Amino acid sequence: MSYQQFGISPQLVERIKLKMKNPATKDRIKNLVDGLTKSDLQDRVKVRRLVKSAAGILNERLTSVQEEQIVSFVVAQKIDPRNTFHLIKLWGMFR
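Remember, predicted model here, so these are calculated numbers, not experimental data.

## Topic: the nonpolar core
Okay, so step 1: If you look at the biggest cluster of nonpolar residues, it comprises 19 residues, and the most contacted ones within it are Ile8, Ile70, Phe73 and Val74.
Okay, so step 2: Going through the elements one at a time, α1 (10–19), α3 (44–58), α4 (64–77) and α5 (84–93) are the ones with two or more residues in this core.
Okay, so step 3: If near-sequence neighbours (up to four positions away) are discounted, Val74 is found in contact with Leu41, Gln42, Val47 and Ile79.

Right, here's the structure in full:
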């Protein structure tokens, strides 16, 4: 399922991909998501907090609608961060 089906704009994704090429930013995001579990990524409150924190690190101003779209996308993917297949599938979506 594509992120565009959740209303997330390709321009936003491209901006974030560009910002993630900065090693310092990438490390800060890695530290933010370190230790997350599948249940964490199914909890809308925790995911919303992560989205807000990541947006702050990336210096992205997200509207409440964009936030909700990203939260819905993450929850719908049923991501298990310890499952390599899930991570490869996500990588494929954003290449």
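## Examining the packing of α3 against α4
Okay, so step 1: Remark: α3 packs on α4, axes separated minimally by 9 Å, with the N-to-C direction vectors making an angle of 125°. Classified by the angle their axes make, α3 and α4 are oblique. You can see that α3 and α4 cross each other, and the crossing is right-handed. Residues Arg44, Val47, Arg48, Val51 and Lys52 of α3 pack against Glu67, Glu68, Ile70, Val71, Ser72, Val74 and Val75 of α4.
Okay, so step 2: For the contact of α3 with α4, the residue count by class is six nonpolar, one polar and five charged.

Rules of the game
Residues numbered from 1 in each chain as written. Predicted model: local features only at pLDDT ≥ 70, side-chain atom pairs only at ≥ 80, totals over all residues. Heavy atoms only, no water. Core = buried A, V, L, I, M, F, W, Y, C linked by side-chain atoms within 4.5 Å. Buried < 20%, exposed > 50% of the residue type's maximum accessible area, 1.4 Å probe, protein only. Helix = DSSP H or I, 4+ residues; strand = E, 2+ residues; numbered from the N terminus. Contact = heavy atoms within 4.5 Å. Axes fitted to C-alpha atoms, helices over the stretch in contact; angles between N-to-C directions. Parallel < 35°, antiparallel > 145°, perpendicular 65-115°, else oblique. Left-handed = near helix turned anticlockwise from the far one by under 90°. Nonpolar A, V, L, I, M, F, W, Y, C, P; charged D, E, K, R; others polar.

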